[in-house]
Amino acid sequence: MLNVRGLSLRYPTGKLALADFSITARAGELVIVLGGNGSGKTTLLRCITRTLTPTAGEVWINDVNLTRLNGEKLRRARLALASISQHAALVRRRSVVANVATGALGHHGNAWTALGGLPRVELAAAHRYLEQVGLGALATQRAGTLSGGQAQRVAIARALAQRPRVLLADEPVASLDPEAAEEIMRLLRRLAREDNLVVLCVLHQVELAYAYADRVVGIRGGGVVFDVPRAEVSREAVRRLYMSEAA
Amino acid sequence: MIGDVASVRGARRVPGGDWGRALGHAARAVLVLVLILIVVQSLIVVRARPQDLVTGIHGMADIIRRATPPDFSKFRTELWPALETIDIAIFGTIAGVILAVPLAVLAAANVTPSRILYYAARSVIGFARAVPDLVWALFFVTAVGLGPFPGGLALAVHSIGMLGRLFAETIEHMDMAPIDALALTGARRVQIFTHGIVPSVLPALLGISLYRLDENIRSSLVLGFVGAGGIGFQLLTAMELFQYREVSLLLIITFVIVLAAERLSAILREKLA
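Predicted model, so just to flag it, every value in this text is computed and none were measured.

Thresholds applied
- Residues numbered from 1 in each chain as written.
- Chains lettered and ligands numbered in written order.
- Predicted model: local features only at pLDDT ≥ 70, side-chain atom pairs only at ≥ 80, totals over all residues.
- Helix = DSSP H or I, 4+ residues; strand = E, 2+ residues; numbered from the N terminus.
- Rg over C-alpha atoms; globule rule 2.2 N^0.38 Å.
- Contact = placed C-beta atoms within 7 Å.
- Domains from an automatic or database assignment.
- Nonpolar A, V, L, I, M, F, W, Y, C, P; charged D, E, K, R; others polar.
- Pairing = 2+ DSSP bridges.
- Axes fitted to C-alpha atoms, helices over the stretch in contact; angles between N-to-C directions.
- pLDDT = per-residue confidence, 0-100.
- Core = buried A, V, L, I, M, F, W, Y, C linked by C-beta atoms within 7 Å.
- Buried ≥ 20, exposed ≤ 12 C-beta atoms within 10 Å, placed from the backbone.
- Parallel < 35°, antiparallel > 145°, perpendicular 65-115°, else oblique.
- Right-handed = clockwise from strand over helix to strand, strands pointing away.

Details of the overall build of chain B
- Helices and strands together make up the secondary structure of chain B, namely 12 helices and 0 strands.
- Reading the helices (α) and strands (β) of chain B from amino to carboxyl end gives α-α-α-α-α-α-α-α-α-α-α-α.
- Radius of gyration (C-alpha) of chain B: 27 Å, far over the 19 Å computed for a compact globule of 273 residues.
- C-alpha extents for chain B along the principal axes are approximately 90 × 75 × 35 Å.

Next comes the structure, spelled out in structure tokens:
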């Protein structure tokens, strides 16, 4: 379970990017966060991963409070938290399967992995994760030769190799065509259900949220505007999310 | 009235009007004058006497006559110095690469572990580059004696400067998204380096190293002039003994080595691209 409690972030400039933001996402649930540009969506994910340190609030993964941790303890706790973003961010000159296996590096601190080697057991697992995202046939291909949709699925397989409890997705379909976008969203929903993952996904495509989310969270000015099951999402409330602050 | 309109149009064409235009012309004239002065002072300082080329043509023709045909009977004895020359360059390049990689990582602003190490690495790289390889060779000849070893050391140290800077720039311009993604998986710093940074920049670093090897082969020819071994040393000795036919043979060997190194380096770099 992912539990975000009263998360706030104020930048040194004085701007409040997150304001007392709270959300709970259960295992097996795909939660989609909707909001306009600058509403605080990406800041929320960065605070959850502790790439940014929140000025107040707590982030819990099951019974671990991430905001209390630092150094090696934080690194270990982060293993339960995988991220994918708009760009697949693969090492283009490495094979697809090697890219996937690097997701598990955090579990191995030996000299072999420090010298650039990958554990055999993780390479075998990487093949399974690639099968899971439907790209088993491309395992030995160079990552740089993949299409945008394929690369994003490899990024998801790399996230799975991390063996996380929570998967954070920051606009994962923003640079994909509609068909590839639907594929990725279907995959995220399936992973939430079958692997019992918490999937927290930031999106701009409202229709995809209507189609795939278990719950939809609206964010505006860094705060929660609504947090409801998909069936209860009001189109008017969503429309208001994207109106400029001045309006 | 017509004069007024003309002056308004003129003012529109050149900001500041006639004064602006006059200042522009004056600035251009000063610039041309400065350029002429630079050329003239360089001719005076180097004591350029083109007429000497004409009067010296007989001397040059005499050297060419005495240098032909090349003395191919010495070909076998020149093979070892030729190999020495190539190996000085190989040693210098490999040692330079080995030392330049860690320095480049410290000297790349996007991956350096601390600002102090960044400035320290930049200083070492800058110093190694600022001192010419010939001066390094003189230094190492004094330190370890005559022969190919000081030549190799000189090229290694100078290569640290050249390679360190180019490697650091390559790392600074790399796509950081895969590195950030690896960091988020919980990978350790050393794993991020070996699994993210190395595979991303390796082809570029190999290409730069091959180019450096090509440069080092040229440099190692000259290093022999200060006693650092190789074909350069043979060339100097033959010239001092007026053995011009041997000189011409050595020049042919030099030409073949340089051309072969250049082509091989270009082919390999093309394959890496």
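Next comes the rest of the write-up.
Details of the overall build of chain A
- When helices and strands are counted, chain A shows 9 helices and 10 strands.
- Rg of the C-alpha trace for chain A: 18 Å, near the compact-globule value of 18 Å for 247 residues, within the 12% margin.
- Seen through its C-alpha atoms, chain A measures out along the principal axes to roughly 55 × 40 × 30 Å.
- Put simply, of all contacts in chain A between residues at least 6 apart along the chain, 69% involve residues at least 24 apart.

Thoughts on the domain arrangement of chain A
All names here are of chain A.
- Along its sequence, chain A is organised into domain 1 (1-80 + 165-247) and domain 2 (88-163).
- Measuring from the centre of the C-alpha atoms in domain 1 to the corresponding centre in domain 2 gives 25 Å.
- Between domain 1 and domain 2, the contact holds 10 residues from the first and 10 residues from the second.
- Considering every element that reaches the side of domain 1 that touches domain 2, the biggest residue donor is helix α7 (residues 178-194), with 4 residues.
- For the side of domain 1 that touches domain 2, the class distribution of residues is 7 nonpolar, 1 polar and 2 charged.

Examining the sheet that holds strand β1 (residues 2-10) of chain A
All names here are of chain A.
- Pairing is antiparallel in the open sheet, where 4 strands are placed in the order β2-β1-β4-β5. Two strands in the sheet have a free side with no partner beyond their single neighbour: β2 (16-25) and β5 (64-65).
- Examined bridge by bridge, strand β4 (residues 56-61) and β5 share 2 bridges and lie antiparallel to one another. Bridged to W60 within β5 is N65.
- The strands touched by helix α1 (residues 41-49) within the sheet are β1, β2 and β4, with β2 carrying the most contacts at an inclination of about 70°.

A short note on the confidence of the model for chain A
- Confidence in the prediction for chain A averages 91 pLDDT; 98% of positions are at 70 or higher.
- When pLDDT is averaged over each element of chain A, helix α3 (residues 96-101) of chain A comes out on top at 96 and helix α9 (residues 235-241) of chain A at the bottom at 88.

Topic: the nonpolar core
- Core analysis: the largest hydrophobic core is formed by 131 residues, its most contacted members being I32(A), V100(A), V154(A), V199(A) and L200(A).
- Sort the elements by how many residues they give to this core and helix α8 (residues 148-172) of chain B lands first, with 12 residues.
- Among residues more than four places away in sequence, those in contact with V154(A) are A88(A), L90(A), V96(A), N99(A), V100(A), L135(A), A143(A) and L146(A).

Some points on the interface of chain B and chain A
- Opposite the 19 residues of chain B that make contact, chain A presents 21 residues.
- Contributing elements (two or more residues each) for the side of chain B that touches chain A: α9 (177-184) and α10 (189-223) of chain B.
- The dominant element in the side of chain B that touches chain A, judged by the number of residues it contributes, is α10(B), at 9 residues.
- In the side of chain B that touches chain A, the residues fall into 10 nonpolar, 7 polar and 2 charged.

Considering the packing of α10(B) against helix α12 (residues 244-272) of chain B
Residue and element names in this part refer to chain B.
- Closest axis-to-axis distance for the α10/α12 pair is 9 Å, and the angle between their directions is 175°. As summarised for this structure, α10 and α12 are arranged roughly antiparallel, according to the angle between their axes. For the pair α10 and α12, contact is made by P203, L206, G207, L210, Y211, L213, D214, I217, R218 and L221 and by T254, I257, V258, A261, E262, S265, L268, R269 and L272, respectively.

Comments concerning the pairing of strand β8 (residues 198-203) of chain A
All names here are of chain A.
- In terms of burial, β8 is largely enclosed, as 6 of its 6 residues are buried.
- Here β8 shows no split at all, with V198, L200 and V202 on one side and V199, C201 and L203 on the other all buried.
- Here 5 bridges tie strand β7 (residues 166-170) to β8, and the two strands are oriented parallel to one another. Its bridge partner being in β8, A169 is matched across the sheet by C201.
- Read from β7 through α7 to β8, the crossover connection turns out right-handed.

Looking at the pairing of strand β3 (residues 30-34) of chain A
All names here are of chain A.
- Most of β3 sits inside the fold, with 5 of its 5 residues counted as buried.
- Side chains L30, I32 and L34 project from β3 onto one buried face, and the interleaved V31 and V33 project onto a second face that is buried too.
- Two strands pair when backbone bridges link them, and β3 and strand β9 (residues 215-220) are joined in this way by 4 bridges, in the parallel orientation. Bridging across to β9, I32 finds its partner in V216.

What about the domain arrangement of chain B?
- Here chain B is partitioned into domain 1 (2-48) and domain 2 (74-272).
- Measuring from the centre of the C-alpha atoms in domain 1 of chain B to the corresponding centre in domain 2 of chain B gives 46 Å.

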